[in-house]
Amino acid sequence: MSASLTLPAPAKLNRMLHIVGRRDDGYHELQTLFQIIDLSDSLTLTLREDGNIHLSTPLDGVACEDNLIVRAARLLQRHANTTQGATLAIDKRLPMGGGLGGGSSNAATVLAGLNKLWQLGLSSEALAKLGLELGADVPVFIHGHSAWAEGVGEKLTTVTLDTPWFVIIHPAVSVSTPRVFQDPELTRDSRPITMARALQGGASEWRNDCEAVVKKRYPQVAEALDWLARYAPSRLTGTGGCLFATFESEKAARTVAELAGQRWPAWAARGLNTSPLQDALGC
Ligand SMILES: C[C@@](CO)(OP(=O)(O)O)[C@H](O)COP(=O)(O)OP(=O)(O)OC[C@H]1O[C@@H](n2ccc(N)nc2=O)[C@H](O)[C@@H]1O
Ligand SMILES: Nc1ncnc2c1ncn2[C@@H]1O[C@H](COP(=O)(O)OP(=O)(O)O)[C@@H](O)[C@H]1O
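For clarity, every value in this text was computed on a predicted model and none was experimentally measured.

Draft legend 1. Main features of the confidence of the model for the protein chain. Of the residues in the protein chain, 99% have a pLDDT of 70 or more, and the chain-wide mean is 96. Predicted as a complex, the structure gets a pTM of 0.96 and an ipTM equal to 0.95.

Draft legend 2. Highlighting the site of ligand 2. Among the 18 residues in the neighbourhood of ligand 2, the closest are listed as L68, G97, G102, G103 and N106. Looking at the shell around ligand 2, the elements that each hand over two or more residues are α1 (68-80) and α2 (102-117). Ranked by the residues each element gives to the shell around ligand 2, the list is headed by α2, at four residues. Broken down by class, the residue content of the shell around ligand 2 amounts to six nonpolar, eleven polar and one charged.

Draft legend 3. Structural context of the pairing of strand β6 (residues 155-158). Bridge analysis of strand β5 (residues 147-150) against β6 gives four bridges, and the strand direction is antiparallel. In the strand pairing of β6, A147 is matched with T158. Linking two consecutive strands that pair antiparallel, namely β5 and β6, is a turn of four residues; a positive phi of about 70° is found at G151 within it.

Draft legend 4. Molecular detail of the pairing of β5. Summarising the sheet, strand β2 (residues 28-48) and β5 pair through three bridges and their orientation is antiparallel. Counted as the bridge partner of T32 is A149 from β5.

Draft legend 5. Region of the structure containing the packing of α1 against α2. In contact at an axis separation of 8 Å, α1 and α2 are set at 35° when each is read in the N-to-C sense. You can see that α1 and α2 cross each other, and the crossing is right-handed. Of the residues in α2, those touching α1 at L68, I69, R71, A72, A73 and L76 are G103, N106, A107, V110, L111, L114 and N115. Looking at the contact of α1 with α2 residue by residue, the classes come out as nine nonpolar, three polar and one charged.

Draft legend 6. The arrangement of helix α8 (residues 219-229) in detail. Among all positions of α8, only V221, A224, L225 and L228 are buried. Seen end-on, α8 carries its buried residues on one side only, within an arc spanning 100°. Every exposed residue of α8 that faces more than 90 degrees away from the buried side is listed here: P219 and D226. Buried residues along α8 sit in contact with β7 (165-169), α7 (211-217), β8 (234-236), β9 (243-247) and α9 (250-260).

Draft legend 7. Quick peek at the UniProt feature "active site" (unreviewed entry) in the protein chain. Mapped onto this numbering, the UniProt entry gives "active site" (unreviewed entry) at K12 and D137. The named residues occupy 126 residues along the chain; their greatest pairwise C-alpha distance, 9.3 Å, places them in one compact cluster. Following the sequence through the fold, K12 ends up in strand β1 (residues 4-22). When sequence neighbours within four positions are dropped, the list of residues in contact with K12 reads F34, Q35, I36, I37, L100, G101, D137 and V140. Take D137: it is sitting in the loop between α3 (124-132) and α4 (138-143). Residue class for D137 comes out buried when judged on the 27 C-beta atoms lying within 10 Å of it. Residue contacts for D137: discarding those within four places in its chain leaves K12, G101, S104 and G153.

Draft legend 8. Representation of the UniProt feature "domain: GHMP kinase N-terminal" (unreviewed entry) in the protein chain. The positions UniProt marks with the feature "domain: GHMP kinase N-terminal" (unreviewed entry) are residues 67-144. Here residues 67-144 is 56% helix and 9% strand, with 22 Å between the C-alpha atoms at its ends.

Draft legend 9. Structural detail: the sheet that holds β7. In space, the four strands of this open sheet follow the order β8-β9-β7-β10, with antiparallel pairing throughout. Each having just a single partner strand, β8 and β10 (266-270) make up the two edges of the open sheet. Averaged over all adjacent pairs, the angle separating strand axes in this sheet is 25°, with direction ignored. In the packing of α8 onto the sheet, the strands contacted are β7, β8 and β9, and the crossing angle to β9 comes to about 5°. α9 contacts β7, β9 and β10 of the sheet and is inclined by roughly 10° relative to β7.

Calculation notes
- Residues numbered from 1 in each chain as written.
- Chains lettered and ligands numbered in written order.
- Predicted model: local features only at pLDDT ≥ 70, side-chain atom pairs only at ≥ 80, totals over all residues.
- pLDDT = per-residue confidence, 0-100.
- Near = placed C-beta within 6 Å.
- Helix = DSSP H or I, 4+ residues; strand = E, 2+ residues; numbered from the N terminus.
- Nonpolar A, V, L, I, M, F, W, Y, C, P; charged D, E, K, R; others polar.
- Pairing = 2+ DSSP bridges.
- Axes fitted to C-alpha atoms, helices over the stretch in contact; angles between N-to-C directions.
- Left-handed = near helix turned anticlockwise from the far one by under 90°.
- Contact = placed C-beta atoms within 7 Å.
- Buried ≥ 20, exposed ≤ 12 C-beta atoms within 10 Å, placed from the backbone.
- Arc of directions from axis to C-beta.
- UniProt positions renumbered as here; feature names shortened; annotations may be inferred.

Structure representation (structure tokens):
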């Protein structure tokens, strides 16, 4: 076993997202199609014998103790009751708080990577359950495949989706997930549909129930969405503020990403059905 692992932490898109209810604890019940894309942070995990968890690359604006990378490592260390430690380093490329799930993906990569480095032998199910304590999106990154998700996003069924090219824009605004979920005008009563129905309908029928309130409260998101929709069908991912448009060809996606890049941070990325994390771990 090598004493160091370098692993990807990919982003996700919510190809559609319906809010079908609210639980007693205030969390919202969702129906969503998650797709992982080939845009990733990169994490290097190095074994330490002294038991410390050390983050060698702090992120601007996130205290080390709050960083999901550190929290995931400490949670696993406690759960497995191990005295092993790790130095954690991240090459951060994904925008933070944009609905691409970067923080949750970082946490999932740390859980899966340290499970291997520390030779703990925990199952994916155990890691996903642990990860849910850190964020609603962690389980899908452990699962590592396109998925239909229900509950708060933790009840996952593997699906195979089309794998188009996407243009992703991050409007220059930070959208607060709690604020979106607290909004009195948020649609919370979409009629539940079956997974088969969601897949049959296809992209032309997909929508995101958060989009209307996010557009209303954050005019910068509305402006970027109107701009992007001139080129291809476009939608909000998660609670935003990132937006994505769907293209059949890489060339068209790269052309529009370059144009968008003159105004906002923007990327061209391909939709995947299996996560590069699973490929890297050899699962
Ligand atoms: C709705 C999604 C869809 O992917 O949005 P994005 O975060 O990706 O934009 C996610 O499930 C979000 O997951 P995550 O960002 O990890 O949310 P958490 O930290 O667990 O929750 C932040 C806050 O949002 C609210 N929240 C979150 C998820 C949910 N299903 N219902 C909620 O009401 C709660 O108030 C919670 O305190
Ligand atoms: N390693 C991390 N990467 C990104 N964000 C992190 C991390 N650790 C903590 N956070 C916090 O979590 C918030 C949500 O991050 P992220 O998962 O990237 O966005 P979203 O949930 O909108 O997809 C950030 O705004 C940041 O304050």
